[in-house]
Each structure stands twice: as C-alpha cells, then as structure tokens.
Amino acid sequence: MKQRIQILLDCDGPLADFAGRYLSVVNTELGTSFVPDDLDTWYMLESECFKMVPPKDLKAAKKRAEQAVRSLGFVSNLAVQPHARKMLECLKPFSDITIVTSPWNSSTCWHYERIQWLRDKLGIQPKDVIFTSDKSRIDGDVLIDDKASHVENWASTRPTKLGILWQMAHNEQSSCRHARRIGTVEDLVRRIVLHDWR
C-alpha cells in the first residue's frame, strides 16, 4: 500500500444527514413523515414516495425547503451520520482526507456554516475543505461520494484510482460502472487497503 492515501470525501451523505433535515421541512409542509430510506433517487422530491402528492403541493414544499436550505442555521444544525466519526477514525491512520463538497450558490451562509460544521462536529480544518460543483477536476487516490454521477465522472478518467459510491437508499438504482459500491466502514477500509496502489 502507498505510504499515505489521498482521500477525497464528500460531506452530504457520507458525513452529514442533509436529506433528513431537508425532508423534515418537506414533511412539515405536506403533513407527511418520509425519511431518507424512502428516497429512490438523488432528486429527492422525484422519488416514488412523492408520486401521490399533488404537484401544486409538492412545488410549494420544494420552495419552502429550498428557502430553509438558504437560511441561517440550516447547515449548522445538520445531524452527523451515525458512521461518520468511525469512518474518519479508521481512515486517518493511513490517509490524508480532503473534504470535497458542492456549494449552494444561492445561499449566503452555506460556505461559512459548512466550514464551521466540519470543524466543530468532526474536527476537520478549513484548509482541508474544497468547494466545487465539478469534483472530476480534483485529483486524489480515492473519491468517496453518494452521488453516482460524481463518482463515475471522477473514476472514468482515473483507471488506476478508486472511486467509491457510498451506498444509500437514493442511489441503489444508480448506474455505477467505474466505481465500487460500499456501505459500511469496515468494507470501505478493506477495499482501500487491498487496492493495488502500484
């Protein structure tokens, strides 16, 4: 194995429960009780569970949720995923971790709160965070992300590197030709350690 593996790690999904907080706003608006495991697509409100909701109501819920995302405190109050701390603890001994996360361009507080959240909740320093909508431009040895298109675009041009789709309900139906599907910390560490890093 290489002396130090350079890992690029997504935030929302692998570390932060963005979907859970987003759905809490939608549920309040609609009087529903959906959870992230009910989602079957990255575009949450296009999931099968929302098909019976009248389009007018769904549009209003989406507008309310996106207003919430842009508001002060939304990111700061995201829950840490149950496996997140264990993931970081298991990866740090043999890797350098850089958080590669998408910006929310219509929010004036997203960037600041994301930096603060990563530092306060997980001990990740601002120097180790990159904001980009195009993760394929960032080089490393491993990319861990829960959006299939991000992993596929990154891994398809790096055949010797390791693209990992962090398995969640919303990506179970996503195509994943150039990446490995992994959903536990133990399998993640094993796959990285056993990869041929020559």
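Above this text is the structure in question.
Cut-offs applied
- Residue positions are counted from 1 within each chain, in the order its sequence is given.
- pLDDT decides what is reported in this predicted model: residues at 70 or higher carry local features, side-chain atom pairs at 80 or more are listed and counted, and totals for whole chains, interfaces and linings draw on all residues regardless.
- Here the side-chain values reflect all heavy atoms present in the structure, with hydrogen atoms and water set aside.
- What counts as a helix is a DSSP run of H or I of at least four residues, what counts as a strand is a run of E of at least two, and both are numbered from the N terminus.
- Take the residue count of a helix, subtract one, and multiply by 1.5 Å to get its expected span.
- Exposed residues in this analysis have more than 50% of their type's maximum accessible area, buried residues have under 20%, and partly exposed residues fall in between, with area computed by a 1.4 Å probe over protein chains only.
- When DSSP finds two or more bridges between two strands, those strands count as paired.

Asks: Please explain helix H4 (residues 110-122) as it appears in this structure.
Replies: Quick reminder: α-helices carry 3.6 residues per turn. Residues three or four places apart thus point the same way. For H4, spanning 13 residues, the distance from its first C-alpha to its last is 17 Å, which sits close to the expected 18 Å at 1.5 Å a residue. Of all the residues in H4, the buried ones are Trp110, Glu113, Arg114, Ile115, Trp117, Leu118 and Leu122. Within two residues after H4, Gly123 carries a phi angle of roughly 70°, on the positive side.

Asks: Please clarify how the pairing of strand S1 (residues 5-9) should be interpreted in this entry.
Replies: On a regular strand, one side chain projects to one face of the sheet and the next to the other, so that they alternate. Burial of S1 is extensive: four of the five residues sit out of reach of the surface. Bridge analysis of S1 against strand S2 (residues 95-101) gives five bridges, and the strand direction is parallel. Counted as the bridge partner of Leu9 is Ile99 from S2. Where S1 and strand S4 (residues 142-145) come together, three bridges link them in parallel fashion. Bridge assignment links Leu8 to a residue of S4, and that residue is Leu143.

Geometry only, nothing functional implied.
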